[in-house]
Amino acid sequence: MEEVIQRIPIRDYKFDAPWQAAARRKQSDFREKEMRVPAVPNTEKSGCYGNVISADDASRGVNFYPPYWDEIRTDLKGKTGAILSNVLRSEHIPYNVFFPMRHDLAKAAILFRALTGRDVATVQDIIIEYAPSPKEKYLDDQTSFDTYIDYMNSQGERCGIGIEVKYTGQGYRIGKGELLKVNDRNSTYYRVTKDSGCFDYGGKPEEEFIIDNFGDHERGNDLRQLWRNHILGLSMMQHPEGVKEFLSVHLYPSFNEHFNPKTSSVLADYQSLLNEKGRRTFLSLTFESLFEEMMHCGMDEIEKGWLPYLNRRYIL
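Structural notes, computed from the coordinates. Quick caveat, the model's predicted, so the values are computed rather than measured.

We now examine the overall build of the protein chain. On a plain count of helices and strands, the protein chain comes out with 14 helices and five strands. Relative to the globule expectation of 20 Å for 316 residues, the C-alpha radius of gyration of the protein chain, 20 Å, shows essentially globular dimensions. Referenced to the eigenvectors of the C-alpha coordinate spread, the extents of the protein chain come out at roughly 70 × 45 × 35 Å. The buried share of the protein chain, taken over its 316 residues, is 51%. Relative to all contacts within the protein chain whose residues are 6 or more apart in sequence, the contacts with residues 24 or more apart total 66%. Averaging the locations of the 41 positively and 47 negatively charged side chains of the protein chain gives two centres separated by 2 Å.

This is the structure we're talking about:
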């Protein structure tokens, strides 16, 4: 007899754009039909929007691809919160998309060569939620890569690919501490941006360029995270113990209208700030193109149900 999932009324979230509402329904349906766990209210005061599961269900790892539950829980080292319990937010996605690649680093090297055109000879490691340490030598803040690909090129030099993963996410409003650094021309943000040689100032002074594009305003809210993840990797190229080459990858599903070039200028706006060298260190990529290339590179052989799971779960 089929198990009955206890349901509570699920409300629409009034601040969702239509494409965000469609993604929320997608994840809520997946939770019910494939995870087979009920939703709980998002907060004590809010209603239930279908995208949060109980702490007990979350602790079992049901937000992740089932064959890797135990490995992922070990890698999380006791971490709790949205990464376990929120089926809509993007925090869990790197574990579902990239963690299984650790089981075949040779295929991972083939994949990243094909995706990026880089000289990826061997992949050394795939790390979820990574920032170089000590942070004071790099950006001196909390910026990290959702996924980091540590690889060696054919010359035996260490290189890196830092990946930022979005699902329904957009930009964000700047915090007080970050605003101080954006406004401080002696901050690591300024030093790394200037020393990278990757940006086209368009004749503007350095201070005006950074504040105008990444400061406390709507344009800055859209571009700031692209910049911070990019310059974190560029800072790694500026240290002897860092990397020889770096590529910043922005990964998003095509339905995300905030980043899709057909509906938004955000990615084009950011790339317009880069010179030729800078454009070689930045790549935007859709879930769809990534999943297709994973299939072409034979990654379905790592675990037969994995790529169908990714497509069922994340593609609208």
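This brings us to the pairing of strand 4 (residues 246-252). Taking burial as the measure, the seven residues of strand 4 include seven buried ones, the bulk of the element. In this sheet, strand 4 lies alongside strand 3 (residues 158-165) in parallel orientation, the contact comprising six bridges. Pairing of valine 165 across the sheet is with leucine 251, part of strand 4. One ladder, built from five bridges, connects strand 4 with strand 5 (residues 282-286); its direction is parallel. Residue valine 249 lies in a different strand from strand 5, and its bridge partner there is leucine 283.

What follows is about the pattern of salt bridges. Under the defined criterion, the tally for this structure stands at 18 salt bridges. Between arginine 24 and aspartate 16 there is a salt bridge whose closest N-O contact spans 2.6 Å. Overall, arginine 24 belongs to the buried group, its relative accessible area being 10%. With a shortest N-O distance of 3.1 Å, glutamate 178 and arginine 228 are connected by a salt bridge. Pair noted here: glutamate 178 is in helix 7 (residues 176-183) and arginine 228 is in helix 10 (residues 218-236), with a separation of 50 residues, a long-range link.

Let us now look at the nonpolar core. By size, the foremost hydrophobic cluster in this structure holds 57 residues, and its most contacted members are Phe98, Met101, Phe112, Leu290 and Met294. Not counting the four nearest positions on each side in its chain, methionine 294 is found in contact with Val97, Met101, Leu111, Met299, Asp300, Trp306, Leu307 and Leu310. Membership of the second largest hydrophobic core comes to 31 residues, among which are Leu223, Ile231, Leu234 and Tyr270.

Attention shifts here to the packing of helix 13 (residues 287-296) against helix 14 (residues 306-314). Following both chains from N to C, one finds helix 13 and helix 14 inclined at 165°, their axes separated by 11 Å at the closest point. Judged on the interaxial angle alone, helix 14 and helix 13 are roughly antiparallel. Like other packed secondary-structure pairs, helix 13 and helix 14 cross with a definite hand, here left-handed. Contacts from Phe287, Phe291, Met294 and Met295 in helix 13 reach Trp306, Leu307, Leu310, Asn311 and Tyr314 in helix 14. When the residues that make up the contact of helix 13 with helix 14 are grouped by side-chain class, the tally is eight nonpolar, one polar and no charged.

Further remarks concern helix 14. Since there are 3.6 residues in each turn of an α-helix, residues three or four apart along the chain are aligned in direction. Where helix 14 is concerned, the buried positions are Trp306, Leu307, Tyr309, Leu310, Arg313 and Tyr314. One side of helix 14 holds all its buried residues, which, seen down the axis, span an arc of 155°. Structurally, helix 14 contributes buried residues whose contacts are with helix 1 (18-35), helix 5 (93-97) and helix 13.

Moving on: unusual backbone geometry. Omega for the bond connecting serine 133 with proline 134 falls within 30 degrees of zero, at 0°, which places this linkage in the cis form. Positionally, proline 134 belongs in the loop between strand 1 (122-130) and strand 2 (145-152). The phi torsion at lysine 77 lies on the positive side, around 55°, for a residue other than glycine. Of note, lysine 77 is situated in the loop between helix 3 (69-76) and helix 4 (82-85).

With respect to the element layout, serine 144 can be found in the loop between strand 1 and strand 2. On the basis of relative accessibility, which here comes to 14%, the residue serine 144 falls in the buried class. Among the polar contacts listed, one links the side chain of serine 144 to the side chain of glutamate 129, at a separation of 2.5 Å. Sequence-distant contacts of serine 144, defined by excluding residues within four places in its chain, comprise Glu129, Tyr130, Ala131, Glu164, Asn229 and Leu232.

Further remarks concern the side chain of histidine 250. Here histidine 250 shows up in strand 4. Excluding its chain neighbours within four sequence positions, the residues that come into contact with histidine 250 are Glu164, Lys166, Leu226, Phe259, Leu267, Phe282, Leu283, Ser284 and Leu285.

Moving on to the packing of aromatic side chains. All told, the structure shown has 24 aromatic pairs when counted by the stated rule. Centroid distance tryptophan 19 to phenylalanine 255: 6.3 Å. Interplanar angle 50°. Geometry classified as tilted. Taken together, the residues span a long stretch of sequence, with tryptophan 19 in helix 1 and phenylalanine 255 in the loop between strand 4 and helix 11 (266-271) at a distance of 236 residues. Taking the relative accessible area as the measure of exposure, tryptophan 19 reaches 10% and is therefore buried. Here the aromatic cluster, defined as three or more aromatic residues joined through ring pairs, consists of Tyr189, Phe199, Tyr201, Phe209, Phe214, Trp227, Tyr270 and Phe282. Across from the ring centre of tyrosine 172, 5.1 Å away, lies the NZ or CZ of arginine 224, which sits over that ring.

Calculation criteria
Residues numbered from 1 in each chain as written. Predicted model: local features only at pLDDT ≥ 70, side-chain atom pairs only at ≥ 80, totals over all residues. Heavy atoms only, no water. Helix = DSSP H or I, 4+ residues; strand = E, 2+ residues; numbered from the N terminus. Rg over C-alpha atoms; globule rule 2.2 N^0.38 Å. Buried < 20%, exposed > 50% of the residue type's maximum accessible area, 1.4 Å probe, protein only. Contact = heavy atoms within 4.5 Å. Lys, Arg positive; Asp, Glu negative; His and termini not counted. Charge placed at Lys NZ, Arg CZ, Asp CG, Glu CD. Pairing = 2+ DSSP bridges. Salt bridge = Lys/Arg side-chain N within 4 Å of Asp/Glu carboxyl O. Core = buried A, V, L, I, M, F, W, Y, C linked by side-chain atoms within 4.5 Å. Axes fitted to C-alpha atoms, helices over the stretch in contact; angles between N-to-C directions. Parallel < 35°, antiparallel > 145°, perpendicular 65-115°, else oblique. Left-handed = near helix turned anticlockwise from the far one by under 90°. Nonpolar A, V, L, I, M, F, W, Y, C, P; charged D, E, K, R; others polar. Arc of directions from axis to C-beta. Polar contact = N/O pair within 3.5 Å; in protein donor to acceptor, adjacent residues only side chain to side chain. Phe/Tyr/Trp six-rings, centres within 6.5 Å; stacked < 30°, edge-to-face > 60°. Lys NZ or Arg CZ within 6 Å of the ring centre and 35° of its normal.

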